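Summary of structural features
The primary structure of each chain is shown beneath.
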Amino acid sequence: LGGPVPYRETDHPTLTAPPLADFKALLASSKDRELSTTMAFVRLLGILVKNREIGRHIVPIIPDEARTFGMEGLFRQLGIYSPTGQLYEPQDSETVSWYKEDPQGQILEEGITEAGAVSSWLAAGTAHANYGIPMIPFYIFYSMFGFQRVGDQLWAAGDNRAKGFLMGGTSGRTTLNGEGLQHEDGHALLFASAYPTCLSYDPTFGYEVAVLIRQGIERMFANNEEVFYYITLLNENYPHPEMPAGAEEGIGRGMYLFRRGGNGYLRVQLMGSGAIFREVIGAADLLAGDFGVQADVWSILGVNQLHREGTLIDDWNRYHPDQPRKKSYVEEQLESHPGPVVISTDYVQAYPEQLRRFIRRPLTVLGTDGFGRSDTREVLRDFFKVDRRHIVVAALRSLSDDGKLPQSRVKEAMQKYSINPETPHALKR
């Protein structure tokens, strides 16, 4: 351990983060091509392992769902580590991406053991301190089986100052239709908020994933920050837009303006992330088209980071009463954007509720509290009242409470979108 007393090396070798331009295919619009953020991540991982400087430092770790996550293409390219090599003919030997075990393999395929996989991630994530060799581990898993299942080991990872990426696949309570309670995760991001060195994000588009991973490599392995990242991934396929100009900083800080609404007296601020963000965008279109209400659309993909930054600002303000009051990043961003705020999330309401004290105006939070169901995404999002129709109703009700719309317009919306006002909340169903 370095001597008669356990010793930790604090002078670590660094790695250079690739320029964002290396991921230009993910920053551009996918146009009519539909893909999931999981597939965007797999494409990005393929770019990283080919990088001459950091490629050999990448450690992909998979419990048992490589094909589920579309990662089988890496089998032939990188090989699966096995000290004894391939001792059998794999069942998929006649396929293009067959299961290739190799003593020089780079992938760690752990089998159905989250505890084993996260132990490998922790070993790789502390290699910079223990062996003087920085490794960049990516552990991809069903998000439901992350913090809920191996939270103790992730707490130890923070205590050991581990670095690396945790990729929570099929994230959100309504995104994996047909699986019921087993996989419908609506709380991992809330759990992640309690881990001080964990930076957690809930992206919707490929460019967000690319920016976050590039920034993460720079922060952890170039700047030697002792943090680790938890990034959610989705299995839903849809077109991805081009990254808005100037969004890179906001993506890392946890919030950016995705789209500004048109001019108009009636105005609201709509926020969301991950699986529900496209419903937020759809709600903005409905509000403008059906009710003449303009909405600025915000991606709040890093709620936990926004909350921590605001907490530190609050702490500074409390102990510096003689100094001008500082504003949180959320307050700064909303300064020139009037109107009530509606947040819709695929996670429990307590997750975005962390931002309430930084949003000094009426705020409505829609979330997925309660157990899930086995059904289509559309039905599940209606069941939890987080889809675009319910977002519209929440926005109109906020404007009505503010005296800017008659209550009849709220009833009109419920009739128009076939919403039964007596439908019980998911917590009671």
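Residues numbered from 1 in each chain as written. Predicted model: local features only at pLDDT ≥ 70, side-chain atom pairs only at ≥ 80, totals over all residues. Heavy atoms only, no water.

Here we take up the packing of helix 2 (residues 37-49) against helix 8 (residues 206-222). For the pair helix 2 and helix 8, interaxial distance at closest approach is 9 Å and the crossing angle is 40°. One element, helix 2, and the other, helix 8, form an angle in the oblique class. You can see that helix 2 and helix 8 cross each other, and the crossing is right-handed. Between helix 2, through Thr37, Ala40, Phe41, Leu44 and Leu48, and helix 8, the contact on the second element is made entirely by Gly206, Val209, Ala210, Ile213 and Ile217. (Axes fitted to C-alpha atoms, helices over the stretch in contact; angles between N-to-C directions. Helix = DSSP H or I, 4+ residues; strand = E, 2+ residues; numbered from the N terminus. Parallel < 35°, antiparallel > 145°, perpendicular 65-115°, else oblique. Left-handed = near helix turned anticlockwise from the far one by under 90°. Contact = heavy atoms within 4.5 Å.)

To continue, consider the pairing of strand 1 (residues 58-62). Taking burial as the measure, the five residues of strand 1 include five buried ones, the bulk of the element. The two faces of strand 1 match: Ile58, Pro60 and Ile62 on one face and Val59 and Ile61 on the other face are all buried. Of the pairings in the sheet, the one linking strand 1 to strand 5 (residues 136-142) comprises four bridges and is parallel in character. Of the residues in strand 5, the one forming a bridge with Pro60 is Phe138. Note: strand 1 against strand 4 (residues 108-109), two bridges, orientation parallel. Pairing of Ile61 across the sheet is with Leu108, part of strand 4. (Buried < 20%, exposed > 50% of the residue type's maximum accessible area, 1.4 Å probe, protein only. Pairing = 2+ DSSP bridges.)

It is worth spelling out the side chain of His240 at this point. Along the chain, His240 turns up in the loop between strand 8 (228-232) and helix 9 (248-253). By relative accessible area, His240 is classed as buried at 5%. Of note is the side chain of His240, whose polar atom sits 3.5 Å from the backbone oxygen of Tyr238. Residues within four places of His240 in sequence aside, it is in contact with Ala28, Ser29, Ser30, Lys31, Arg33, Leu35, Ser36, Thr37, Thr204, Phe205 and Gly206. (Polar contact = N/O pair within 3.5 Å; in protein donor to acceptor, adjacent residues only side chain to side chain.)

In a regular helix each residue adds 1.5 Å, so 14 residues correspond to 20 Å; helix 15 (residues 388-401) covers 20 Å between its end C-alpha atoms and thus fits that length. With eleven of its 14 residues buried, helix 15 lies for the most part within the structure. Those residues of helix 15 lying buried are Arg389, His390, Ile391, Val392, Val393, Ala394, Ala395, Leu396, Ser398, Leu399 and Ser400. Buried positions along helix 15 lie against strand 10 (267-272), helix 10 (277-291), strand 12 (341-344), strand 13 (363-366), helix 14 (377-383) and helix 16 (407-416). Immediately beyond the C-terminal end of helix 15, within one or two residues, lies Gly403, with a positive phi of roughly 75°. (Expected span 1.5 Å × (residues − 1).)

Taken together, six strands build an open sheet; the order of strands is 4-1-5-6-8-7 and the sheet is parallel. Two strands in the sheet have a free side with no partner beyond their single neighbour: strand 4 and strand 7 (198-201).

Time to look at the sheet that holds strand 9 (residues 256-259). Pairing within the open sheet is mixed, and its five strands lie in the order 9-11-10-12-13. Looking along the sheet, the strands with just one partner apiece sit at the ends: strand 9 and strand 13. Strand-to-strand twist in this sheet, taken as the mean axis angle between neighbours without regard to direction, amounts to 25°. For strand 9 and strand 11 (residues 294-299), the ladder comprises three bridges, and the chain directions are antiparallel. Looking across to strand 11, one finds that Tyr256 is bridged to Ser299.

Empty space within the largest pocket amounts to approximately 540 Å³. In terms of lining residues, the largest pocket is bounded by 26 residues, among which Lys385, His390, Val393, Ala394 and Met414 are the most central. The biggest single contributor to the lining of the largest pocket is helix 15, with five residues. Class assignment of the residues belonging to the lining of the largest pocket gives a composition of eleven nonpolar, nine polar and six charged. Looking at the second largest pocket, it is lined by 14 residues, and the ones nearest its centre are Val59, Gln106, Leu108, Ala124 and Met135. Elements with a contribution of two residues or more to the lining of the second largest pocket: strand 1 and helix 4 (114-125). For the lining of the second largest pocket, the element with the highest residue contribution is helix 4, accounting for three residues. (1 Å grid on protein atoms, 1.4 Å probe; cavity = no way out; pocket = protein on both sides within 12 Å on 5 of 7 lines; lining within 4 Å. Points joined across faces, edges and corners; volume = space filled by probe spheres on them. Nonpolar A, V, L, I, M, F, W, Y, C, P; charged D, E, K, R; others polar.)

Time to look at the pattern of salt bridges. Here the structure, examined in full by the defined rule, presents 23 salt bridges. A salt bridge links Asp314 to Arg357; its shortest N-O distance comes to 2.8 Å. Taken as a pair, Asp314 in helix 11 (residues 303-319) and Arg357 in the loop between helix 13 (350-353) and strand 13 lie far apart in primary sequence, 43 residues in all. Judged by relative accessible area, which is 40%, Arg357 ranks as partly exposed. The network of salt bridges with shared partners includes Glu236, Arg278, Arg377 and Arg381. (Salt bridge = Lys/Arg side-chain N within 4 Å of Asp/Glu carboxyl O.)

Further remarks concern the pairing of strand 8. Note on strand geometry: in a regular strand, side chains alternate between the two faces of the sheet. Burial analysis of strand 8 places five of its five residues in the buried class, the great majority of the element. Taking every second residue as pointing to the same face, both faces of strand 8 are buried, with Phe228, Tyr230 and Thr232 on one and Tyr229 and Ile231 on the other. Here four bridges tie strand 6 (residues 165-169) to strand 8, and the two strands are oriented parallel to one another. Within the sheet, the bridge partner assigned to Gly168 lies in strand 8 and is Thr232. Strand direction decides the pairing type here: strand 7 and strand 8, joined by four bridges, are parallel. For Cys198, the partnering residue across the bridge sits in strand 8 and is Phe228.

Moving on: the packing of helix 15 against helix 16. Contact geometry of helix 15 with helix 16 gives a least axis separation of 8 Å together with a crossing angle of 170°. Looking at the two axes, helix 15 sits roughly antiparallel to helix 16. Within the contact between the two elements, helix 15 uses Val393, Leu396, Arg397 and Ser400 and helix 16 uses Gln407, Arg409, Val410, Ala413 and Met414. Across the contact of helix 15 with helix 16, the residue classes tally to five nonpolar, two polar and two charged.

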